[in-house]
Amino acid sequence: MVLSRRRIVQVLGGVTMASLTGAGKAQFWFAPSLTYPAIKVGNVNSLKNNDPVYFNYPDARSQGILVKLGRPAIGGVGRDRDIVAFSAACTHMGCGVQYKGGRFLCPCHYTMFDPAKAAAVYQGLASTGLPQIQLGVAQNGDIFARAVNGLIWGRVKNI
Amino acid sequence: MSNIGRRDALPIPPTNAEVKNTVCQYCTVGCGYKVYTWPVGSQGGLAANQNAFGVDLRNPQNPLGGLVYTETMHSIVTRRDGRQYHVVIVPANDSPINYKRDHSSRGATNAIATWSDARATKERLKYPLLRLGDQFQVITWDEALTILAGVAKGIRDKDGNDDNIAVKAFDHGGSGAGFENNWGVGSLFFKGFSVKHIAIHNRPAYNSEVWGSRERGVHELNYDAIDARVADTIVLWGANPYETASVFYTEHMQPNIQGATLEEKQKNFSKGEPAEAGYLIVIDPRRISSLTIAETIAKERTLHLRPNLGTDYILANAIARVMWERKYYDQKFLQTRTDMAKFEEYKEKSLKAATPYAQFMADVERITGVKRADIEKAADWIAKPKAGGFARRTLTIYEKGIIWNMKNYDQVAAIVQMAVLGNNVGRAGTGCGRLGGHQEGYVRPSSPTPGSIYNGGPPVNVDKYLTDGKGKLYWVIGTNPYLSTPNSQYFRKRIRERTKALSDFLGQAGEPGPTQELVAKILEGLDATGGLFMVVQDLYLTHTAQDAHLVLPASAWGEANQTSVNCNSRLLRLYEKFMDPPGEAKQDWEICKLMGLKMAELYRAEGKEKEAARFEFGKNWRTDEDVFLDGGNSYPNNAIPASEEATLPAECYKGVTYAFLRQVGQQGIRTPVRIENGKPVGTLRRYSVKFGTKDGKFSWYATDDWEGYPAEVAKYLEGDMAQKYPFWMTTGRAQAVWQTMYNDRFLPEKTSLLPMPYVEISPQDAQRLGLKNGDLAQVWNEEGNATFVVMVTDSVSPGLIFTMMFHHLGSANNLTPGYTDPKTTIPWYKGTRVAIRKIRGSLPDLQDTTSFLQQNKFD
Ligand code: SF4
Ligand code: FES
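In this report, the structure presented in the accompanying data block is examined. In this text the structure is predicted, and so the values were computed from the model without any measurement.

## Considering the overall build of chain A
- Assigned secondary structure in chain A consists of one helix and ten strands.
- Once local pairs closer than 6 in sequence are excluded, the contacts in chain A between residues at least 24 apart make up 45%.
- Accessible area of chain A: about 6700 Å², with a carbon and sulfur share of 53%.

## Here's the deal with the overall build of chain B
- The helix and strand inventory of chain B stands at 28 helices and 29 strands.
- Taken over C-alpha atoms, the radius of gyration comes to 27 Å for chain B, in line with the 29 Å a tight globule of 859 residues would show.
- Seen along its three principal axes, the alpha-carbon backbone of chain B occupies a region of about 80 × 70 × 65 Å.
- Taking all 859 residues of chain B together, the buried fraction comes to 67%.
- Across chain B, the fraction of contacts at a sequence separation of at least 24, relative to all contacts at a separation of at least 6, is 76%.
- Of the roughly 27700 Å² of accessible surface on chain B, a fraction of 49% belongs to carbon and sulfur atoms.
- Charge centroids of chain B, computed over 102 positive and 96 negative side chains, lie 2 Å from each other.

## Looking at the interface of chain A and chain B
- With 63 residues of chain A at the contact, the number on the chain B side is 69 residues.
- Each partner contributes to the roughly 5100 Å² buried at the junction of chain A and chain B, and carbon and sulfur atoms together form 60% of this total.
- Our count for the chain A to chain B interface comes out at zero salt bridges.
- Joining chain A to chain B, the criterion identifies 27 residue pairs in polar contact (both at pLDDT 80 or more).

## What to know about helix H12 (residues 357–368) of chain B
Residues and elements named next belong to chain B.
- Look at H12: 16 Å from first C-alpha to last across twelve residues, which is about the 16 Å you get at 1.5 Å a residue.
- Of all the residues in H12, the buried ones are Tyr357, Phe360, Met361, Val364, Ile367 and Thr368. Along the long axis of H12, the arc covered by the buried residues comes to 125 degrees, so they all point the same way.
- The inward-facing, buried residues of H12 contact helix H9 (312–325) and helix H13 (372–383).
- Positive phi shows up at glycine 369, right after H12, with a value of about 75 degrees.

## Brief notes about the sheet that holds strand E13 (residues 431–434) of chain B
Residue and element names in this part refer to chain B.
- Ordered in space as E11-E10-E9-E12-E13, the five strands form an open sheet in which the pairing is parallel. Strands at the two margins of the open sheet, each flanked by one partner only, are strand E11 (302–305) and E13. Each strand of the sheet is rotated relative to its neighbour by a mean of 15 degrees, with strand direction disregarded.
- Alignment of strand E9 (residues 233–237) against strand E12 (residues 394–398), held across five bridges, turns out to be parallel. The partner of isoleucine 234 across the bridge, within E12, is leucine 395.
- Strands in contact with helix H6 (residues 246–257) are E9, strand E10 (279–283) and E12; relative to E9, the strand with the most contacts, it is inclined by about 135 degrees.
- Contacts from helix H8 (residues 289–298) reach E9, E10 and E11 within the one sheet, and its direction differs from that of E11 by about 150 degrees.

## Here's the deal with the pairing of strand E18 (residues 571–575) of chain B
Residue and element names in this part refer to chain B.
- Counting buried residues in E18 gives five out of five residues, a clear majority hidden from the surface.
- Of the two faces of E18, the one holding Leu571, Arg573 and Tyr575 and the one holding Leu572 and Leu574 are both buried throughout.
- Hairpin connection between strand E17 (residues 562–565) and E18: a loop of five residues separates the two successive antiparallel strands, and arginine 570 in this loop has a positive phi of roughly 50 degrees.
- Where E18 and strand E19 (residues 669–670) come together, two bridges link them in antiparallel fashion. From the neighbouring strand, leucine 572 faces E19, where its bridge partner is isoleucine 669.

## Here's the deal with the site of ligand 1
- If you check the shell around ligand 1, you find Cys24(B), Tyr26(B), Cys27(B), Val29(B), Gly30(B), Cys31(B), Tyr33(B), Ser104(B), Arg106(B), Gly107(B), Ser246(B) and Val247(B) and nothing else.
- In terms of residue class, the shell around ligand 1 is built from seven nonpolar, four polar and one charged.

## Considering the nonpolar core
Residue and element names in this part refer to chain B.
- Of all hydrophobic cores here, the largest spans 69 residues; its most connected members are Phe189, Phe193, Trp475, Phe533 and Met595.
- In contact with phenylalanine 189, not counting residues within four places along its chain, are Val167, Ser194, Val195, Ile198, Trp475 and Ile477.
- Within the second largest apolar cluster, 62 residues are counted, among which are Trp237, Ala316, Trp404 and Met418.

Conventions we followed
- Residues numbered from 1 in each chain as written.
- Chains lettered and ligands numbered in written order.
- Predicted model: local features only at pLDDT ≥ 70, side-chain atom pairs only at ≥ 80, totals over all residues.
- Heavy atoms only, no water.
- Helix = DSSP H or I, 4+ residues; strand = E, 2+ residues; numbered from the N terminus.
- Contact = heavy atoms within 4.5 Å.
- Areas by Shrake-Rupley, 256 points an atom, 1.4 Å probe, with all protein chains shown as cover.
- Rg over C-alpha atoms; globule rule 2.2 N^0.38 Å.
- Buried < 20%, exposed > 50% of the residue type's maximum accessible area, 1.4 Å probe, protein only.
- Lys, Arg positive; Asp, Glu negative; His and termini not counted.
- Charge placed at Lys NZ, Arg CZ, Asp CG, Glu CD.
- Buried area = accessible area lost by both parts, 1.4 Å probe.
- Salt bridge = Lys/Arg side-chain N within 4 Å of Asp/Glu carboxyl O.
- Polar contact = N/O pair within 3.5 Å; in protein donor to acceptor, adjacent residues only side chain to side chain.
- Expected span 1.5 Å × (residues − 1).
- Arc of directions from axis to C-beta.
- Pairing = 2+ DSSP bridges.
- Axes fitted to C-alpha atoms, helices over the stretch in contact; angles between N-to-C directions.
- Near = heavy atom within 4 Å.
- Nonpolar A, V, L, I, M, F, W, Y, C, P; charged D, E, K, R; others polar.
- Core = buried A, V, L, I, M, F, W, Y, C linked by side-chain atoms within 4.5 Å.

Set out below in structure tokens:
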């Protein structure tokens, strides 16, 4: 999404308060605030609609799901802006979500996330959407994971 | 990429962070939480001995049990010392309610809902506001209370009574209320003043929503959460816990339906008694998520009955009739524990034992629209003895679909009678009561208001009293009737008219400057204009407050020590203070105390010592605990044996101190509390020995026959009106938000999910009306209008729509009728007739950013 000027000011307003006063080791920045690796997770030409691909990101202990939705999505890449990726750990209590019927569903307490709407929680107990993995596409169609927008469940810091 | 700011690292509480116990401020479930606060500028480390969690943060947490610390569980607040503090509020790991640190999307935002001038919650009220020159101007507490006491005293001195003083106040637990604030409010209006025209939060009168059960001898909070885990069958009647009591569903009902509680069942059952995975009966006009999740788990163990709106009590009586026919009752229990003389009347009028069974069932099918076979199946699942002749254990839970149904009294009575006929109260795995909405914390001096029609009532409809032009002072505390009262569009217009009449009068030649002259002018204006002087005491400048003359800032959850019980275990705990209120906001009890002292001062100045003394109820209250103990002392003697627990008020906590509550922490104590050997003991489950009546016997009641709909709704079913308003409308809540969204409306995490109130419509009706997901629709009838965003879903059947009850951008109550049950003055919030149309054009931004996926589809 394109941030309007007004919204940028709002976002920065929030950040200044936290970062100026957070004089300790950590700065409490909005995501992505850390340095993430770029890792190849697929290629636009090999993705089929609604056929998810699993990968690990930003490290071996965190699973991500890459999926081509066949409909435009917030943060989507590719020609149709329909390729998105998210952390697969449910933001409620950490179970692995499933991509099923065009949405993410957690089998533990049935939270459901809308992949086209930044994995917003449209039903259930989780308090935030699944962290969205920022994607980039190279000339040859390779898809790279570049950062995580949101806290991966079970961590106090993504990396 | 996301439509709200996200985080990818959170601060870690250092080992010297302050740790407090608390309970979620929101729903009835009362999940336990822990609060960590420490000054900004430091943080803890990853190793378990380097942080206040005592948890190794070097490795990711284990799902379902590990530390839960999500992005919404941290914020930074400023205390009165001017310094900034981190606040981390995470689910407790030692709560008997939210096992494994379970929590919902509502409770998870406890931290970001705290007040801060640097975040969206900067909208909190800090100082008293007075409408002067038709604008709010900041004043001091002393000035505010001098004006308010002057006006109140002027009115009561002239009238010689308090009839023209009308009040609408919360009476709940959690949410910054609790025993302390209820005792404060009650003391002011019942000990100081003697206010008859008082109403309870959203309702138009001072009443119970469950007199139909209480007058049978069954208080509505009688079961424990464990009963949901060990019940053979759970009945959810007009209750959708997955969305409104989420953790009660996920930790206590869902495992039972999944068959994950068999061991616990065996432990609680008799020797040789069969135990299997639980059955679920949902009685609701909608395919609610609490049903469809269970269907996903085990379709064959779920049953859905969809009675026509308002006919539930007929259905409950029919299920009971089947139980009677099939002898699913224990004659000995009926004879020893219930009033058999009254039972004959129940049998004749409610069960219609004299009407041949086939004819009776045909009548019921016609009225309720529920098939005889389904009614019989429900009776089997509720009360048919298990193999070996063991009585089935059924927990029946009802909520707004019943209490806010038409004929409130009879609806509630019919359901509890069905439960007691099957001996399903007072044993493990049984119970019949409310799911609850908010937590409870009711302790008040006795009120000058009556009970149900069977106890001197019904109570006065205060909304009607005010809209009819009566009353002079209207004091609204911790509730927003402009959204929440039934028939709110009419109410709002009338109150605005009356408050404005007074404002206009005051403003004619400029408001007088000196306080006493202003008070005199207000009193003069009230008589001259038939206007209303409105005072609103709340956290925010609510919709109602915007029309007030005087606004008093109240403190919220976490800004003081408070106590409440949850509804599913009556678990009393201490909610510890962890931050200061904004500006000069005060606890409700303190505002009431100060108002009392101000009244006393005015009376004493006139030498009226007796009147002055009445208002000094709070002169010894210095701390939250002083108020808690003062309220606790009002309960009857509770040094009585366990077998007598039924004689105690459900929330009795006499003998409990803050020190005791600190010691028991999250384990709390279950009310009613008794004193044994000088120590407080709790009550796990109620009515195992006696019911709460004078003779200890369950008191049967003969419900009314089906008489059709009340005039306020029946008008829509005739002739032209039936064509014009072709839909039934029912209303309810949404998972993500709490009540009127008083906090949520300021949190982008919430408003981005639910930017507008929504309407659910069936695919068939949507197609016919040309409505798609994300369209806007207007819904209207003769009562009012409201605009909703459309969600197409099979949750509702053709001919019925569902609308979100409250949203800060609109309320379904604009359309609800003014009808109240003549026996209780409880409104029918949940049903009326409406028309619906598509609003031309669309809002692409809304459609692009909001999810319209079906909320009840889990397969
Ligand atoms: S289920 Fe209720 S009490 Fe528990 S966290 Fe959610 S809102 Fe709070
Ligand atoms: S862990 Fe996913 S819904 Fe609870």
